[in-house]
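# Working through the structure, step by step
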Amino acid sequence: MRTTMIVAGLAIALAGCTTADSRPTAAVDIGPGIEPIPGSITYGGQPRTRLTKAPVGSVVPHQFRNEFGQRVEENYIIQPDRSLKLVSRRVYRDPFGIDD
């Protein structure tokens, strides 16, 4: 009987365990209205060349490293005038990008 109680207790304790990574997220999401940073496609203004074949509303992903060596992922949307609008940015704190 005592063994059964111990086994049942261990089973309940193990049921609460998870194999997923329980660390807090390693990235910061920033929404619309963000400003370009060095390395962004639109830093210093719109690019000279326009994306003429991509449909309006298409998402253009861009990845680069910031001045701290952190991986940065940005998404742009092509506007009707063919300019790019920065809509999201994710900065990974781990410089090697292992914390995805």
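Higher on the page you've got the structure.
Structural notes, computed from the coordinates. Keep in mind it's a predicted model, so treat the numbers as computed, not measured.

What counts and what doesn't
Residues numbered from 1 in each chain as written. Predicted model: local features only at pLDDT ≥ 70, side-chain atom pairs only at ≥ 80, totals over all residues. Heavy atoms only, no water. Helix = DSSP H or I, 4+ residues; strand = E, 2+ residues; numbered from the N terminus. Buried < 20%, exposed > 50% of the residue type's maximum accessible area, 1.4 Å probe, protein only. Areas by Shrake-Rupley, 256 points an atom, 1.4 Å probe, with all protein chains shown as cover. Pairing = 2+ DSSP bridges. Core = buried A, V, L, I, M, F, W, Y, C linked by side-chain atoms within 4.5 Å. Contact = heavy atoms within 4.5 Å.

### Some thoughts on the overall build of the chain
- Of the regular secondary structure elements, the chain holds one helix and four strands.
- Each helix and strand of the chain, ordered N terminal to C terminal, gives the series α-β-β-β-β.
- Among the 100 residues that make up the chain, the fraction classed as buried is 26%.
- When the accessible surface of the chain is summed, it comes to about 7400 Å², and 61% of that surface belongs to carbon and sulfur atoms.

### Some thoughts on the pairing of strand β3 (residues 71-78)
- The pairing of strand β2 (residues 59-65) with β3 spans seven bridges and is antiparallel. When the bridges of β3 are listed, H62 appears paired with E74.
- Relative to strand β4 (residues 84-92), β3 runs antiparallel, the two being bridged by seven bridges. Bridge assignment links Y76 to a residue of β4, and that residue is L86.

### Some remarks on the nonpolar core
- The biggest cluster of nonpolar side chains holds six residues, and these are I34, V60, Y76, I78, L84 and L86.
- Where this core is concerned, the elements lending two or more residues are β3 and β4.
- When residues no more than four places from it in sequence are discounted, the contact partners of I34 are L86, S88 and R89.

### Quick look at unusual backbone geometry
- One non-glycine residue, R82, lies in the positive phi region at around 75°.
- Mapping R82 onto the fold places it in the loop between β3 and β4.
- Given a relative accessible area of 19%, R82 falls into the buried group.

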